Amino acid sequence: AQKITQTQPGMFVQEKEAVTLDCTYDTSDQSYGLFWYKQPSSGEMIFLIYQGSYDEQNATEGRYSLNFQKARKSANLVISASQLGDSAMYFCAMRDTGGFKTIFGAGTRLFVKA
Amino acid sequence: GAGVSQTPSNKVTEKGKYVELRCDPISGHTALYWYRQSLGQGPEFLIYFQGTGAADDSGLPNDRFFAVRPEGSVSTLKIQRTERGDSAVYLCASSLEPGLSDTQYFGPGTRLTVL
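These figures come from a predicted structure and were not determined experimentally.

(A) Representation of the nonpolar core. By size, the foremost hydrophobic cluster in this structure holds 24 residues, and its most contacted members are Y25, W36, I49, L77, Y90 and L110 of chain A. For this core, the elements supplying multiple residues, two or more each, are β3 (19-21), β5 (32-39), β6 (46-52), β8 (64-69), β9 (74-79), β10 (88-96) and β12 (108-113) of chain A. For this core, the element with the highest residue contribution is β10 of chain A, accounting for four residues. Setting aside anything within four residues of it in sequence, one finds L110 of chain A in contact with M11, V13, V19, L21, I79, D86, S87, A88 and Y90 of chain A. Counting 20 residues, the second largest nonpolar core, distinct from the first, contains L21, L46, L60 and L77 of chain B.

(B) Expanded view of the interface of chain A and chain B. Of the residues lining the interface, 21 residues belong to chain A; the matching set on chain B comes to 22 residues. Buried surface at the junction of chain A and chain B, summed over both partners, amounts to about 1,700 Å²; 58% is from carbon and sulfur atoms. Three residues, R95, F100 and K101 of chain A, lead the burial of chain A against chain B; their summed loss comes to 33% of the area buried on that side. Linking chain A to chain B there are one salt bridge.

(C) Main features of the packing of aromatic side chains. A complete count under the given rule lists 14 aromatic pairs over all chains for this structure. With centroids separated by 6.4 Å and ring planes inclined at 25 degrees, the aromatic side chains of F35 of chain A and Y37 of chain A adopt a geometry described as stacked. The residues F35 of chain A and Y37 of chain A share a single accessibility class, namely buried. When the centroid spacing of 6.3 Å and the interplanar angle of 80 degrees are considered together, the rings of F104 of chain A and F106 of chain B count as edge-to-face. With F104 of chain A in strand β11 (residues 103-104) and F106 of chain B in strand β10 (residues 105-106), this pair bridges two chains.

(D) Main features of the state of the cysteines. All names here are of chain A. According to the stated counting rule, one finds two disulfides over all chains in the structure shown. A sulfur-sulfur separation of 2.0 Å characterises the disulfide bridge that pairs C23 with C92. Because the torsion about its S-S bond is -65 degrees, the bridge between C23 and C92 counts as left-handed. Note that C23 is positioned in the loop between β3 and β4 (24-26) and C92 in strand β10, a separation of 69 residues in sequence.

(E) Representation of the layout of surface pockets within the structure. In this structure, the largest pocket spans a volume of roughly 490 Å³. In this structure, the largest pocket is lined by 24 residues; those nearest its centre are Q39 of chain A together with Q37, L39, V89 and R111 of chain B. Counting only elements with at least two residues in the lining of the largest pocket, the list comes to β10 of chain A together with β9 (88-95) and β11 (110-114) of chain B. If you tally residues by element for the lining of the largest pocket, the top one is β11 of chain B, at four residues.

(F) Broad picture of the pairing of strand β7 (residues 65-68) of chain B. Residue and element names in this part refer to chain B. The side-chain alternation of β7 yields one buried face, formed by F65 and A67, and one unburied face, formed by F66 and V68. Sheet topology places β7 next to strand β8 (residues 75-79); four bridges connect them, and they run antiparallel. Note on β8: the bridge partner recorded for F65 is I79. The turn joining β7 and β8, which pair antiparallel and follow one another in sequence, is formed by six residues; a positive phi near 75 degrees is taken by G72.

(G) Main features of the sheet that holds β7 of chain B. All names here are of chain B. Strands sit in the order β1-β3-β8-β7 across an open sheet of four strands; the sheet is antiparallel. Here the strands that pair on one side only, and so sit at the sheet edges, are β1 (5-7) and β7. Strand after strand, the sheet turns through a mean of 15 degrees between neighbouring axes, direction not considered. When β1 meets strand β3 (residues 19-24), the two strands line up antiparallel, connected through three bridges. Pairing of Q6 across the sheet is with C23, part of β3.

Reading the values: rules and limits
- Position labels on residues start from 1 in each chain and follow its written sequence.
- Chains carry letters from A onward and ligands carry numbers from 1 onward, assigned in written order.
- Per-residue local features are limited, in this predicted model, to residues with pLDDT of at least 70; the limit for side-chain atom pairs, both in listing and counting, is 80 or more; totals at the level of whole chains, interfaces and linings are taken over all residues.
- Excluding hydrogens and water, the side-chain values take into account all heavy atoms of the structure.
- We call a set of buried Ala, Val, Leu, Ile, Met, Phe, Trp, Tyr and Cys residues a nonpolar core when their side-chain atoms join them within 4.5 Å.
- When a residue's accessible area, from a 1.4 Å probe over protein chains only, is under 20% of the maximum for its type it is buried; when over 50% it is exposed; and in between it is partly exposed.
- The helix and strand labels rest on DSSP assignments: H or I over at least four residues marks a helix, E over at least two residues marks a strand, and numbering proceeds from the N terminus.
- Contacts: residue pairs with any heavy atoms within 4.5 Å of one another.
- When two parts are brought into contact, each loses some accessible area as probed by a 1.4 Å sphere; the total of that loss over both is the buried area.
- Here, a salt bridge means any Lys or Arg side-chain nitrogen found within 4 Å of an Asp or Glu carboxyl oxygen.
- Aromatic contacts are taken between Phe, Tyr and Trp rings whose centres are within 6.5 Å, Trp giving its six-membered ring; a plane angle under 30 degrees counts as stacked, one over 60 as edge-to-face, and the others as tilted.
- Disulfide assignment relies on a single distance test, namely cysteine sulfur atoms paired within 2.5 Å.
- Here a cavity is any set of points on a 1 Å grid over the protein atoms alone where a 1.4 Å probe fits but cannot get out, and a pocket is any open set with protein on both sides within 12 Å along at least 5 of 7 lines; a residue lines the site when it has an atom within 4 Å of a point.
- Grid points are joined across faces, edges and corners, and a volume is the space filled by probe spheres set on the points.
- We call two strands paired when DSSP finds no fewer than two bridges between them.
- Axis angles are defined between N-to-C directions and span 0 to 180 degrees, where every axis is a line fitted to C-alpha atoms and, for a helix, only to the segment in contact.

Below is the structure:
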């Protein structure tokens, strides 16, 4: 069965520093997609980055990069040069070919300190 | 352009009542999803529509929950005989077309409180 695990309930980072948010996943499929979403206090889910299981290079989108280690089934999000506006909940998610549902982890709350 | 909209933003009801939650997806998006997010948790999949049909309703918790999308655009999530455990934020998302990498755009959610 699909499963997403985010083991860090909360993380603190100093403004302008980089931070890594951990995500491990479990699926029996060879073809799957991994996503990261940001949810500010306003509640709206914002798509950040996508990594396909067959993508050979790690995905990057601006200050966001995804450290994809397929053998370890991990898909960590790296945020470089943190900003105060990065303070939010971050969710890792996965979809495989078993259906159309997207499975989300429990999330990590990131606090950026000035 | 306009994003996904959901109405109402907040709904307070009494145990046993019937509620309807509405989702208006981005124009042209064929795929529509409903999720439920309880406090302190990630979104939980409820149902997926491709066009007018429910392609996957495996996440609906029981037969009190039902959703429709009669014209392939607006969708309504219907909850009968509400229970206190139904209290959560109900999120709707849409995407251009289904696929492993399709980006889902979420609405602001409807916060449902069952007293």
